[in-house]
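Each chain, written out:
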Amino acid sequence: MPYFKKSLLALAVIATFTFGLSACDDDDTPVASKSNPDMFFNRVASFAVCSQVGASCESDDVTAAEIVAASSDGMTLIYSNSPKGEVGFIDIANPAAPVAKGRLAMGGEPTSVTVLGGYALVAVNTSANFVNTSGKLAVVDIATRTLVAEIAMPGQPDSVAVSKDGKYVAVVIENERDEDLGDGAPPQAPAGSLVIVDSVGAPTTWKTRNVSLTGLAALFPTDPEPEYVDINEDNIAVVTLQENNHIALVDLKTGAVTAHFSAGSVNLSGVDTTDERPNLVNFTQTQANRLREPDGVTWISKNQFVTANEGDLNGGSRGYTIFNKDGSVAYEAGNALEHLMARIGHYNDRRSDAKGNEPENAEFGHFAGTDYLFVASERSSVVAVYDLSTKNAPAFKQVLPAGVGPEGVLAIPGRNLLVAASEEDDRGGVVRSVVNIYQYQKASASYPTLQSVDRADGTPIPWSALSGLAAGASNSSLWTVNDSFNRANRIFEIDLSQTPARIKSETVIKDSAGVLAALAASLPDAKSATAFDDVDLAAMINADGSVNIDPEGIAVASAGGFWLASEGAGTITGEGGTTSAVSKANLLLRVDATGVIQEVVALPAELNAVQLRFGFEGVAEANGKLAVAFQRAWNGEAHARIGLYDLAAKTWQFMFYPLDPVSSPNGGWVGLSDITSLGGNQFLVVERDNQGGPDARIKRLYRIDLTGKADGATLTKVLVRDLVADLKKPGGNVPEKIEGAAVLPNGDVYIVNDNDGVDGGSGETQLIKLGKILN
């Protein structure tokens, strides 16, 4: 068969698998999209990019999956790996069990990838610096994973797209600016452009045409920086010029710029624009005339496209926009994505003063009669899914958990698959770059496992960094608390009767009765010889009476209200050779049902003085006593402590808990995270290592019995459950911090992880029902 006919046949397959030709009839009339309430996308696998280096992922090499494409049959994924200067291949014949298929060096920095027939087309940056720019389009045979041709580019390429008829390849030449030059702002030569590759025939015969984009934008007209490109059925390319806040439409047949217009601005209200430390989410602020500065773009029909308004210089409107081809706005998301992230615990408050959740990319897919829009949030590490069945009124469908920093999103309707590539990778920071695979299936959405209801003002209850879990009075109720990542700490009530579970109420912890304030006043100087030596308790109390502590454990108090275990910061010695004074003490606080502190319990002064970090992690009340789990051993002791505080006698007793030895190939440590009463002087404890993903080894529940144990005794423990299999079941990376466990009155056991406030992690929270595992 002649090459051209082979290419057309392959392209027909690609269009069916990747784009979904069923979206149009033979006369190009769009088929009406119809909502399907029974179908949802669920993650079925998470491929760790480090497994291309070694199957066990024990290498510290930094890897990444940035942009991802699929072969014509939808069985192989190809992704760009910028840090390693290569592309990687993944076998997804079984999407639930992806297999590393090899990698290929590109002789430069791959920035994007797409597929034409049997070839992967890879944009490769070979620039010497920001001024002397160069690049190439590498043509790779997917079946043999070999390089078959290279086409020179006139500068630094970024995004690349293929027309659906296979006649054209559009390559964005960004020629990005040097952000360290002066104030980093444009204009900075050389200017960017768009290259059209006429791709009919053998790759060695392909020719290029350069389209100038200079002089189009009102902002920095001499220095266009095109960012992303997509092509519709009429072979019109839409190109975003992010720093220029501009959009251009290019006819690929003629090479003419047929239209161009400003991306415009948005008046945002009900957003948080302040980065507070510790964090406090407050959706009461506004941003007027916020430039969209779009990044990713996707056509959703021949006449409309969607931009992901990430922002770069001083813009970023925190959402997405549907544009008509003439540049008019058909729909603006406004603050909807910001509120969604807060509702599901993925709001990254450290980015409030910048660009919020930063929508990075957008993708369109027609799945079994329904049009969907997918929007990837870089800073909240999720993909939001919208049903486009009603024109100009996208309906939120669901949200999908991703790895840290999702960049590339790919719909493969022919296989009912969606793929998201997340580029962040830092083994020491417990972050691994992953390619997540989701399947469109007749099943309910498996994520989120927890979301909040709205406050009276219509904004969602913001939450993150959950630490500690306690059973409520019924079989449909749990209590949890947030840790020191947040200021003005709160107690949350979880309603388990709904799916997903709902945070139905929040209670701010306050010192309205002056208990902490009185204690602070009793310490005239930092040298007072008390249990609170060197502790500035006044710094824990805000002007409104709310407190900034580190609640790591919660238990329902028999006298009403709750007991909270607040971890002390300790004397940090031996880490980086530095020593700092104690900034917080380990405290047990009893609060009433309204959150007001009624009582504070501290450790004996002689013990508090030898803390080396890793203090209180969990608390449980039983038989007139409080059992407290210490995370790790103190002061060179062999084991971690379990403290027992007699509420009537107001005395302490301590026993020692033998932690499992470190078994992760990445080293680290093992410690305790929570403790729950089982009755009869028995307790359930969470033991975990500080590793996640492929390096995670120890995530376990143990049972201990304190009956008859004397002060100083070493406890024995019985394994109840190895949690690794449970944590792998949601299809993602094993989370590092299993911080809470609770047993309902009917015996059902629940666990939850701490998402660290989405600071450096994906923000994924898994509230998991283990069932009646204690029998």
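Provided above is the structure to which this section pertains.
Below: a short report on this structure. This one's a predicted model, so the numbers in the text were calculated from it and none came from an experiment.

Points about the pairing of strand 7 (residues 119–125)
- In terms of residue burial, strand 7 counts as a mostly covered element, since 7 of its 7 residues are buried.
- The alternating pattern of strand 7 places Y119, L121, A123 and N125 and A120, V122 and V124 on opposite faces, both of which are buried.
- Where strand 6 (residues 109–116) lies against strand 7, 7 bridges are found, and the strand directions are antiparallel. Of the residues in strand 7, the one forming a bridge with S112 is A123.
- Count of turn residues in the strand 6/strand 7 antiparallel hairpin: 2 residues, of which G117 carries a positive phi of about 60°.
- Bridging between strand 7 and strand 8 (residues 135–141) involves 7 bridges; their strand directions are antiparallel. By the bridge assignment for strand 8, A120 is matched with V140.

Some remarks on the pattern of salt bridges
- Under the criterion given, the structure shown has 34 salt bridges.
- One salt bridge connects K737 with D756, and the closest N-O pair in it is separated by 2.9 Å. You can see K737 sitting in the loop between helix 5 (724–728) and strand 48 (738–743) and its partner D756 sitting in the loop between strand 49 (749–753) and strand 50 (767–771), a full 19 residues away along the chain.
- For D756, a relative accessible area of 27% translates into the label partly exposed.

So, the sheet that holds strand 37 (residues 562–566)
- If you walk across this open sheet you meet the 4 strands as 36-37-38-39, and the pairing is antiparallel. Both outer strands of the open sheet, strand 36 (551–556) and strand 39 (597–602), are each paired with one neighbouring strand and no more. The sheet shows a mean angle of 20° between the axes of neighbouring strands, direction not considered.
- One ladder, built from 5 bridges, connects strand 37 with strand 38 (residues 587–591); its direction is antiparallel. Residue pairing across strands places A565 opposite L588, the latter belonging to strand 38.

Some thoughts on the pairing of strand 10 (residues 157–162)
- With respect to burial, strand 10 is a largely interior element, 6 of its 6 residues being buried.
- Bridging between strand 10 and strand 11 (residues 168–173) involves 4 bridges; their strand directions are antiparallel. What sits directly across from P157, in strand 11, is I173.

Describing the side chain of Q52
- Among the secondary structure elements, Q52 is positioned in the loop between strand 1 (40–48) and strand 2 (68–70).
- Note on Q52: relative accessible area 11%, which makes it buried.
- Of note is the side chain of Q52, whose polar atom sits 3.3 Å from the side chain of Y79.
- The residues contacting Q52, other than those within four sequence positions of it, are F47, Y79, G88, F89, I90, A100, K101, G102 and R103.

Examining the environment of P359
- With respect to the helices, strands and loops of the structure, P359 is situated in strand 24 (residues 359–367).
- Overall, P359 belongs to the buried group, its relative accessible area being 0%.
- Remark: the alpha-carbon pair of P359 and R318, spanning 41 residues in sequence, is separated by 6.3 Å.
- Sequence-distant contacts of P359, that is, excluding residues within four places in its chain, are made with A308, N309, E310, R318, G319, L337, V375, A376 and S377.

Criteria and cut-off values
- Residues numbered from 1 in each chain as written.
- Predicted model: local features only at pLDDT ≥ 70, side-chain atom pairs only at ≥ 80, totals over all residues.
- Heavy atoms only, no water.
- Buried < 20%, exposed > 50% of the residue type's maximum accessible area, 1.4 Å probe, protein only.
- Helix = DSSP H or I, 4+ residues; strand = E, 2+ residues; numbered from the N terminus.
- Pairing = 2+ DSSP bridges.
- Salt bridge = Lys/Arg side-chain N within 4 Å of Asp/Glu carboxyl O.
- Axes fitted to C-alpha atoms, helices over the stretch in contact; angles between N-to-C directions.
- Polar contact = N/O pair within 3.5 Å; in protein donor to acceptor, adjacent residues only side chain to side chain.
- Contact = heavy atoms within 4.5 Å.

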